[in-house]
Amino acid sequence: MFFRQVQQHGDNFSYIIADDAAKEAAVVDSSFNAGELTRIIKAEDLKLKYIINTHGHSDHTAGNAELQSIFNARIVVYNRSRINSDVKVADGDVILVGRIPIRVIHAPGHTPDSICLLVDNQKLLTGDTLFVGECGRTDLPGGNSKNMYYSLFHRILKLNDDVEVYPGHDYGSKPFSTIGEEKRSNYTLEPRNLAEFIEFMNQP
Ligand SMILES: [Zn+2]
């Protein structure tokens, strides 16, 4: 599998995932620098099939139109998203890039349309739900601490400890991590019940 984490302007991360044999690729979160993504896709001789968005915030979607116009790829979003798209997905859906399965995990909390993407059962692209050493904020429009609790503690942390975590922003001490490492060291994931977590998230 070809897998590339691309540092964008500022602290956003984009990702390129491709099947080496089929040369089929997906971008996750186009962000601001479509030019760099285009350069890599062309240099690797890949066919961009999908542009998948972890959620609708513009710092993650800004390059969608440019990439689509160059590669004629289809824009994929969660079914509750309001942004311009070609394919809407639901929790549990599997997007195939060549033979690589990308499973959709609906993870509301940061926004209602947030999804995490489990690539080949090994790499979890967490968007703005979970960062290295942090979790996503829930105080923006559509944010919900209760939903974030269920997304983090009942969905994401149920994955195997060795699953790798690739976030939507470079906020941590390193650019990627694992579920096990985050369980041990991420202060937002310390054991809390729902009421405690909501109180924790509502602290100024
Ligand atoms: Zn966001």
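Residues numbered from 1 in each chain as written. Predicted model: local features only at pLDDT ≥ 70, side-chain atom pairs only at ≥ 80, totals over all residues. Heavy atoms only, no water.

Asker: Is there a simple way to think about the coordination of the zinc ion in this case?
Answerer: Between any two of four tetrahedral donors, the ideal angle at the metal is 109.5 degrees; between two of six octahedral donors, it is 90 or 180 degrees. Note on the zinc ion: its protein donors are His 55 (NE2), His 57 (ND1), His 110 (NE2) and Asp 128 (OD). The metal-donor distances range over 2.2 to 2.3 Å. Classification of the site at the zinc ion rests on its 4 donor atoms, whose angles at the metal span 91 to 171 degrees, yielding the label irregular. Note on His 55: relative accessible area 1%, which makes it buried. (Donors = N, O, S within 2.8 Å, 3.2 Å for Na, K, Ca; no water. Tetrahedral: all angles 85-135°; square planar, octahedral: opposite > 155°, others 65-115°. Buried < 20%, exposed > 50% of the residue type's maximum accessible area, 1.4 Å probe, protein only.)

Asker: How should I be thinking about the packing of aromatic side chains in this particular structure?
Answerer: Pairs of aromatic rings are described using the distance from one ring centre to the other and the angle between the two planes. In this structure the tally under the stated criterion is 12 aromatic pairs. With centroids separated by 5.5 Å and ring planes inclined at 50 degrees, the aromatic side chains of Tyr 149 and Phe 197 adopt a geometry described as tilted. Of this pair, Tyr 149 sits in helix H4 (residues 145-155) while Phe 197 sits in helix H6 (residues 194-201), placing them 48 residues apart in sequence. Ring-pair connections join several aromatic residues into one group, and the members of that group are Tyr 149, Tyr 150, Phe 153, Tyr 187, Phe 197 and Phe 200. The cationic tip of Lys 123 hangs over the ring face of Phe 3; the distance from NZ or CZ to the ring centre is 4.9 Å. Over the ring of Phe 200 we find Arg 192; its NZ or CZ atom is 3.7 Å from the centre of that ring. (Phe/Tyr/Trp six-rings, centres within 6.5 Å; stacked < 30°, edge-to-face > 60°. Helix = DSSP H or I, 4+ residues; strand = E, 2+ residues; numbered from the N terminus. Lys NZ or Arg CZ within 6 Å of the ring centre and 35° of its normal.)

Asker: Got a minute to help me understand the side chain of Asp 29 in this structure?
Answerer: The topology assignment puts Asp 29 in the loop between strand S3 (24-28) and helix H1 (34-43). Buried charge Asp 29 goes without a salt bridge, the closest partner of opposite sign being Lys 88 at 15 Å. Of note is the side chain of Asp 29, whose polar atom sits 2.7 Å from the side chain of Thr 54. Excluding anything up to four places from it in sequence, Asp 29 contacts Phe 13, Ser 14, Ile 52, Asn 53, Thr 54 and His 60. (Lys, Arg positive; Asp, Glu negative; His and termini not counted. Salt bridge = Lys/Arg side-chain N within 4 Å of Asp/Glu carboxyl O. Polar contact = N/O pair within 3.5 Å; in protein donor to acceptor, adjacent residues only side chain to side chain. Contact = heavy atoms within 4.5 Å.)

Asker: Can you help me understand the packing of H4 against H6 in this one?
Answerer: Packed helix pairs are specified by the crossing angle of their axes together with the interaxial distance, meaning the distance between the axes. Between H4 and H6, the shortest axis-to-axis distance is 9 Å and the interhelical angle comes to 120 degrees. When the axes of H4 and H6 are compared, the pair comes out oblique. Our pair here, H4 against H6, has a crossing hand that is right-handed. Across the interface between the two elements, Ser 145, Lys 146, Met 148, Tyr 149, Tyr 150, Leu 152 and Phe 153 of H4 pack against Leu 194, Phe 197, Ile 198 and Met 201 of H6. Looking at the contact of H4 with H6 residue by residue, the class counts come to 9 nonpolar, 1 polar and 1 charged. (Axes fitted to C-alpha atoms, helices over the stretch in contact; angles between N-to-C directions. Parallel < 35°, antiparallel > 145°, perpendicular 65-115°, else oblique. Left-handed = near helix turned anticlockwise from the far one by under 90°. Nonpolar A, V, L, I, M, F, W, Y, C, P; charged D, E, K, R; others polar.)

Keep in mind these numbers describe shape, not what the thing actually does.
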